[in-house]
Amino acid sequence: MTDPGVREAADLLRQARRAVVFTGAGMSAESGVPTFRDALTGLWQRFDAQALATPEAFHDDPALVWGWYEWRRTAVARALPNAGHVAVAAIEARVPHTVVVTQNVDDLHERAGSVDPLHLHGSLFAPRCSACARPAPVSDPVVDEPADGRRVAPPSCGHCSAPIRPGVVWFGEALPGETLETAVEAAASCDVLLTVGTSGLVYPAAEIPQVAARFGAAVIQVNPQRTPLDAVAAVNLRGRAAEVLPALVRAAWETGRA
Ligand code: BV8
């Protein structure tokens with residue numbers, strides 16, 4: 001028997017003409033990728049992610065920060081997209097004009113078949129020069145990366161010799177303007193926004209579901225916990241992405257099956 005909330009959300013999705021799927025770190029949790037709220041481990045356990053994901057931390061200790069991102073990139077390379085990522089790709093295939101907007105810096109949406117997701121906070125796979133901003137080559141992830149991580153001095157730019165930095169948006173840095181604008185436009189013109197696995201605490205990304213609600217879209221939230229986005233959600237599905245999203249797709253497009 002399908003949960004009434006899932007059935008309501010499924011009806012909204014099936015009737016949608018334009019959808020946005022907005023995801024946070026919880027989307028990748030069941031792929032074994034720690035969320036931002038999870039405590040850091042190993043070499044970085046004494047740090048708060050928010051303090052480490054800053055230009056100041058990279059300036060003060062480039063090897064500590066570059067080592068952290070290399071450890072995370074290796075973890076993502078070893079991870080697999082979960083059933084939630086696959087369900088998001090299935091929604092894109094069925095709802096015309098679906099835009100995936102993610103805060104995540106992993107590539108699991110792409111590997112599950114999502115087409116051109118908007119990365120509001122950049123990517124682990126787009127390093128660039130910290131001075132001239134030229135894109136830097138992405139080396140193969142280190143196979144014997146120690147579980148506790150290690151300090152790794154960042155490579156130098158082939159053009160100007162400055163240190164290479166991760167291609168992510170750090171706290172205190174502006175989001176990529178065009179990407180954010182496209183995401184806001186999609187949120188303002190969709191009729192359904194599905195927000196999955198985000199605490200809704202990091203701005204301006206957390207504005208996206210609120211923009212959708214302000215412009216009259218129905219917001220569906222998938223998260224085991226309550227978040228500030230409960231206030232704008234028409235349907236709150238309290239559960240894990242890899243469990244709820246496939247159920248949502250089944251209820252919406254495979255009638256007769258729970
Ligand atoms: C900026 C890349 C200005 C790095 C990240 C108001 C307006 C504007 C800015 C601010 C503002 N107030 C404060 C700010 C400053 C700051 C901010 O928002 N601070 C917060 C903490 C208050 N914002 C910024 O600094 C932004 N920049 O504003 O610049 C500016 C303008 C012009 C010119 C110069 C400057 C930049 C923010 C981007 C930071 N970078 N990531 C990296 O990854 O290392 S953000 C980081 O947090 C990740 O991207 C992460 O995705 C994101 C948000 O976290 P979530 O995705 O929500 O993940 P989280 O762990 O928090 O939650 C996980 C959720 O999943 C939980 O709810 C959990 O219940 C759920 N969950 C768990 N398991 C599952 C699950 N859900 C489903 N299924 C499961 N299995």
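Above this text is the structure in question.
First, a word on what this report is: a plain description of the structure on this page. Given the structure is predicted, the values throughout are model-derived calculations rather than measurements. (Residues numbered from 1 in each chain as written. Predicted model: local features only at pLDDT ≥ 70, side-chain atom pairs only at ≥ 80, totals over all residues. Heavy atoms only, no water.)

Notes on the environment of Ala-162
Piece 1. Note that Ala-162 resides in the loop between strand E4 (122-129) and strand E5 (164-168).
Piece 2. Under the relative-accessibility criterion, Ala-162 is labelled buried at 14%.
Piece 3. With 31 residues separating them along the chain, Ala-162 and Ala-131 place their C-alpha atoms 6.0 Å apart.
Piece 4. Sequence-distant contacts of Ala-162, defined by excluding residues within four places in its chain, comprise Cys-129, Ser-130, Ala-131, Pro-155, Ser-156 and Cys-157. (Helix = DSSP H or I, 4+ residues; strand = E, 2+ residues; numbered from the N terminus. Buried < 20%, exposed > 50% of the residue type's maximum accessible area, 1.4 Å probe, protein only. Contact = heavy atoms within 4.5 Å.)

Observations regarding the side chain of Glu-145
Piece 1. Within the secondary structure layout, Glu-145 lies in the loop between E4 and E5.
Piece 2. For Glu-145, a relative accessible area of 8% corresponds to the buried category.
Piece 3. For Glu-145, the side chain forms a polar contact with the side chain of Arg-150, separated by 3.4 Å.
Piece 4. In this view, Glu-145 contacts Trp-71, Thr-74, Arg-78 and Arg-150; residues no more than four positions away in its chain are not counted. (Polar contact = N/O pair within 3.5 Å; in protein donor to acceptor, adjacent residues only side chain to side chain.)

What about the packing of helix H6 (residues 83-94) against helix H10 (residues 241-253)?
Piece 1. Running from N to C, H6 and H10 point in directions that differ by 30°, and their axes come no closer than 7 Å. Between H6 and H10, the crossing angle belongs to the class labelled roughly parallel. Two packed elements cross with a definite hand, and for H6 against H10 that hand is left-handed. Between H6 and H10, the residues in contact are Ala-83, Gly-84, Ala-87, Val-88, Ala-90, Ile-91 and Arg-94 and Ala-241, Ala-242, Leu-245, Pro-246, Val-249 and Trp-253, respectively.
Piece 2. Its residues placed into classes, the contact of H6 with H10 shows 11 nonpolar, 1 polar and 1 charged. (Axes fitted to C-alpha atoms, helices over the stretch in contact; angles between N-to-C directions. Parallel < 35°, antiparallel > 145°, perpendicular 65-115°, else oblique. Left-handed = near helix turned anticlockwise from the far one by under 90°. Nonpolar A, V, L, I, M, F, W, Y, C, P; charged D, E, K, R; others polar.)

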